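Single-letter residue listing:
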Amino acid sequence: MSTGPGADSAPVHKPDTNTPRPGKGTFSSLAIRNYRLFFTGAIVSNTGTWMARITQDWLVLSLTGSAAAVGVTTALQFLPMLLFGLYGGVIADRYPKRRLLLVSQAALGLCGLALAALTLSGHVQVWHVYLIAFLLGMVTVVDNPARQSFVSEMVGPGQLRNAVSLNSANFQSARLIGPAVAGVLIAGVGSGWAFLLNGLSFLAPLAGLLMMRTSELHKVERAPRGKGQLREGLRYVAGRPDLIWPIVLVGFIGTFGFNFPIWLTAFADDVFHVGAGTYGFLNTLMAAGSLVGALAAARRGSTRLRMLVVAAGVFGVLEIAAALSPAFWLFALLLVPIGMIGLTVNITANSAVQMATDPAMRGRVMSLYMMVFAGGTPIGAPLLGWVTDTYGARAGFATGGLVSLAAAVVIGLVLARVGGLRVAVGWHHGHPSVRFVPVRRERLATAA
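Described in the following lines is the structure provided in the data block. (Residues numbered from 1 in each chain as written. Predicted model: local features only at pLDDT ≥ 70, side-chain atom pairs only at ≥ 80, totals over all residues. Heavy atoms only, no water.)

**As for the pattern of salt bridges**
Inclusion rule: The term salt bridge refers to a side-chain nitrogen of Lys or Arg lying within 4 Å of a carboxyl oxygen of Asp or Glu. Helical segments are the DSSP runs of H or I of at least four residues, strand segments are the runs of E of at least two, and each set is numbered from the N terminus. Think of it in three bands: residues with accessible area under 20% of the maximum for their type are buried, residues over 50% are exposed, and the middle band is partly exposed, with areas taken using a 1.4 Å probe on protein chains only.
The full count for this structure, using the stated rule, is 3 salt bridges. Residue Glu153 is joined to Lys97 by a salt bridge in which the shortest nitrogen-to-oxygen separation is 3.3 Å. Placement of the pair is Glu153 in helix 4 (residues 126–155) and Lys97 in helix 3 (residues 97–120), with a sequence separation of 56 residues. The pair formed by Glu153 and Lys97 is uniform in burial state, with each residue classed as buried.

Now the structure itself:
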């Protein structure tokens, strides 16, 4: 972590001077064949995943009539990450990641097919959805750190930031298509067909992984089997402020600010009284903003933690504004910048953490990142689901925004202190401004 002069000062990760220079262009990583296969397979399975996610939320709401039940489903899907996420990172560092992904992607497809069979046969009950959500979470414990850290093996350090951003763009592109298709399928032929297509969609990433040229993968030394590897990973992160504070911030954002399945179903059903098609449209609007945020991140050449803090604060403010929106059109329009800024938070934190981590530790560090980011959902989702059911959708959404804003302010001040900075409020070029100012420089100016 280092600081720069004046208003541009902020804790920032500077890449190693020995790191190969990245290729130019928003889509430069796609020039690499193995990553191109990975990207193509992912966009198919991601579309199926978004179809299933929207369909799952609407199915639970239809079966129970409760936003809290939607929260429970989300919580069960992320509970394994909270309980076992760190062990998933140890496994990802210990075994070949491509082989792990072949197993995990096949298992995710089988879960989708099981839910399709239950729904199409007419026997589905809410506990079935709960169980499969939990099983999906168990598979994700290994799939997430293996998939995230496998990116560096495909593209190398010079293209890592671009590839991370394109992965998010991939996921959000699928989010544009999946909810819309899910809404049509739910209204036209029923939920079971959406689940079926999701299960079959995992054939694409499996084919991509099998077609890769393993000789072209970047070699990464795997951690040998031994005791204390989990503690070693935790000590590594604890001694790195440039890792731990971004992880803490995205933990608060993920736990309290990313509960959109709860809020959008509640706003669609209870506040604006619209159907499944419009619910899918709201998700598509958010995905459009997220895609813009991901593509913008792919063009940026640096990762500043100051950007992470500012984006997290703006994200909280936008959520509060959306919660208080009196009209449907205003609420819908605000979902676009919410998606864009939310993705900026996620990509900035993800790429900063990956680029600052030693390759041999990356699986464990990214498992901690995902455990904190996604593993907090079992805490936040039922809590905010209860707030939404008890006090209304507006109160639930506003609560998430307030917590996100508070976390950004507090952690921003902590990072400023770590970087030897302080907040200066005043006028800059004729306009009011809030800036980070180096403490040493300010003291010298005062003494002069």
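**Digging into the packing of aromatic side chains**
Quick reminder of the rule: Pairing of aromatic side chains here covers Phe, Tyr and the six-membered ring of Trp, requires ring centres within 6.5 Å, and sorts the geometry by plane angle: under 30 degrees stacked, over 60 edge-to-face, intermediate tilted. Charge over a ring is defined by NZ of Lys or CZ of Arg lying within 6 Å of the ring centre and within 35 degrees of the ring normal.
Enumeration over the complete set of coordinates arrives at 18 aromatic pairs. Residues Phe267 and Phe397 carry aromatic rings whose centres are separated by 5.9 Å and whose planes lie at 70° to one another, so their mutual orientation is edge-to-face. In this pair, Phe267 sits in helix 10 (residues 260–271) while Phe397 sits in helix 16 (residues 393–418), placing the two residues 130 residues apart along the sequence. Across this residue pair, the class does not change: Phe267 and Phe397 are buried. By way of ring pairs, the aromatic residues Phe258, Phe260, Trp263, Phe267, Phe272, Phe315, Phe328, Phe331 and Phe397 are connected into one cluster. One Lys or Arg, Arg53, reaches over the ring of Trp50 and ends 4.7 Å from the middle of that ring.

**Observations concerning the packing of helix 2 (residues 67–94) against helix 4**
Definition in use: Every axis in this analysis is a line fitted to C-alpha atoms, fitted for helices over the stretch in contact. Angles between the N-to-C directions lie between 0 and 180 degrees. Should an angle lie under 35 degrees it is considered roughly parallel, over 145 roughly antiparallel, and from 65 to 115 roughly perpendicular; all remaining angles are considered oblique. Each crossing gets its handedness from the near helix: less than a right angle anticlockwise from the far helix is left-handed, clockwise is right-handed.
As a packed pair, helix 2 and helix 4 sit with axes 7 Å apart at the nearest point and diverge in direction by 30°. Accordingly, the angle class assigned to the pair helix 2 and helix 4 is roughly parallel. Classified by chirality, the crossing of helix 4 by helix 2 is right-handed.

**Side note on the nonpolar core**
How we decide: Only buried residues count toward a nonpolar core. Its members are Ala, Val, Leu, Ile, Met, Phe, Trp, Tyr and Cys residues joined through side-chain atoms within 4.5 Å.
In this structure, Leu249, Phe260, Phe331, Leu335, Ile338, Tyr369 and Phe397 are the most contacted members of the largest nonpolar core, which totals 87 residues. A per-element tally of this core places helix 13 (residues 328–355) first, with 10 residues. In this structure, Tyr35, Leu101, Ala163 and Leu217 belong to the second largest nonpolar core, which totals 20 residues.

**So, a nonpolar patch on the surface**
Condition: Grouping into patches uses exposed residues only, defined as over 30% relative accessible area, and leaves out salt-bridged ones; the cut-off is 9 Å for like charges and 5 Å for nonpolar side chains (Val, Leu, Ile, Met, Phe, Trp, Tyr). Where accessible areas are quoted, they stem from the Shrake-Rupley method and a 1.4 Å probe; at the residue level, only the protein chains shown are allowed to cover.
Residues Leu82, Leu83, Phe84, Tyr87, Met138 and Ile379 make up a contiguous nonpolar surface patch of roughly 550 Å² in combined accessible area. Inspection of the secondary structure assignment puts Phe84 in helix 2. On the accessibility criterion, Phe84 (35% relative accessible area) is partly exposed.

**Some remarks on the side chain of Ser29**
Heads up, the condition is: Two N or O atoms count as a polar contact when they lie within 3.5 Å, although within protein this holds only if one can serve as hydrogen donor and the other as acceptor, and sequence-adjacent residues are included solely when both atoms are side-chain atoms. Pairs of residues are marked as contacts when any of their non-hydrogen atoms sit within 4.5 Å.
Its place among the elements puts Ser29 in the segment before helix 1 (33–64). Here Ser29 falls in the buried class, since its relative accessible area comes to 0%. Looking at Ser29, its side chain comes within polar contact range of the side chain of Gln159, at 3.4 Å. Polar contacts involving the side chain of Ser29 include one to the main-chain amide nitrogen of Ala163, which spans 3.3 Å. Aside from chain neighbours lying at most four places away, what touches Ser29 is Tyr35, Val155, Gln159, Asn162, Ala163 and Leu166.

So far we have only geometry, and geometry alone does not tell us how the molecule works.
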